[in-house]
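Residue-level listing of the chains:
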Amino acid sequence: MDALEIRELRYFVAVAEELHFGRAAERLGMAQPPLSRAIQQLERRLGVRLLKRNRRGVALTGAGEMLLHEGRAALDATTAAARRTRRAGGADSPGGPRNRLVLAVKAGASHELLHKLLDAYAAEPDAAEIEVLPSGTCEQEGMLRDGRADVALMHAPFNSLAGFDSEELMTEGQIAVLPAGHPLAARRTLSLADVSDIPDLPLARWSRHGTYPPGPGPEIHDQTQLAQLIALGRTVAVYPDSARAWLWAEHAAVPLTDAAPVVTHIAWPAHSSSPALAGLVRTATRL
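Residues numbered from 1 in each chain as written. Predicted model: local features only at pLDDT ≥ 70, side-chain atom pairs only at ≥ 80, totals over all residues. Heavy atoms only, no water.

Novice: Can you walk me through the packing of helix α5 (residues 111-122) against helix α9 (residues 275-286) in this structure?
Specialist: When two helices pack together, their arrangement is given by the angle between the helix axes and by the axis-to-axis distance. Two elements in contact, α5 and α9, have axes separated by 9 Å at closest approach and are oriented at 125°. The angle between the axes of α5 and α9 places the two elements in the oblique class. For the element pair α5 and α9, the recorded crossing hand is right-handed. When α5 is examined against α9, the residues Leu 117, Ala 120 and Tyr 121 are found in contact with a partner set consisting of Ala 276, Gly 279, Leu 280, Thr 283 and Ala 284. Residue composition of the contact of α5 with α9, grouped by class: 6 nonpolar, 2 polar and no charged. (Axes fitted to C-alpha atoms, helices over the stretch in contact; angles between N-to-C directions. Helix = DSSP H or I, 4+ residues; strand = E, 2+ residues; numbered from the N terminus. Parallel < 35°, antiparallel > 145°, perpendicular 65-115°, else oblique. Left-handed = near helix turned anticlockwise from the far one by under 90°. Contact = heavy atoms within 4.5 Å. Nonpolar A, V, L, I, M, F, W, Y, C, P; charged D, E, K, R; others polar.)

Have a look at this one:
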């Protein structure tokens, strides 16, 4: 029997991510013995070993790694289906909101482009309501996959476009954002090497897929925190040139000569058949 139940996938993904039955059971809000039995039953049904169990703990087999990858995608897809169905259903309810699209954007990026897109689309006949959902670095991908967003502005090379349809909208350079009083702020240009090892001014670190890269710089949780730490002379950040729109008077922006260009795309799930989404994409490509 090839069909898998959502419950089984939830159980397995929890164990595979925790690599510990006790922690997985606590995360799922259940006792450990029935969780262990459920995983054993799943292995018997599939006819493969998913986990290696020994005194030192639990490890994934090759088949287990495959099911973890596929299981995460399947759980995201079912969650996305529920979220997007609720949004679509709201427009069918008497007195409910009109058709609505959730647009995920990286906080502080593509500011001018976003303004132009929202204004141009609002002028279209039968335009849907657009809810703008700010996100951190690389979070737009997950928001599209699990249905928190219907469409996103994504930035290559930082975001992966794998599995999505997309249209390229703009290309721009990158800047170093420094405290205005720092000596390097007076330079006309900088290189990545110049900003990667500034004494007492470490590079800010954003979470990528739930983990922070190593380094001495502060862990950044939101745009306001980053702006304040730069103004206080505690960190430096690298951003697309369009980030100039949110800079404070206490900040300075210096172009980076050797940073890769940033290409902004509008991206959406490949299977989408939403007329409202198609209209938003058409508007974006005309800007």
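Novice: What exactly am I supposed to notice about the side chain of Glu 43 here?
Specialist: Its location among the elements puts Glu 43 in helix α3 (residues 32-46). The exposure class assigned to Glu 43 is buried, which follows from its relative accessible area of 10%. Those residues within four positions of Glu 43 in sequence are excluded, and the remaining contacts are Val 48, Arg 49, Leu 50, Leu 51 and Arg 53. (Buried < 20%, exposed > 50% of the residue type's maximum accessible area, 1.4 Å probe, protein only.)

Novice: Could you clarify how one ought to interpret helix α2 (residues 21-28) in this entry?
Specialist: Because the α-helix completes a turn every 3.6 residues, residues three or four places apart line up on one side. Regarding α2, the residues found buried are Phe 21, Ala 24, Ala 25 and Leu 28. Viewed along the axis of α2, the buried residues span an arc of 100°, placing them on a single side of the element. Trailing α2 by a residue or two, Gly 29 shows a phi angle of about 70°, which is positive. (Arc of directions from axis to C-beta.)

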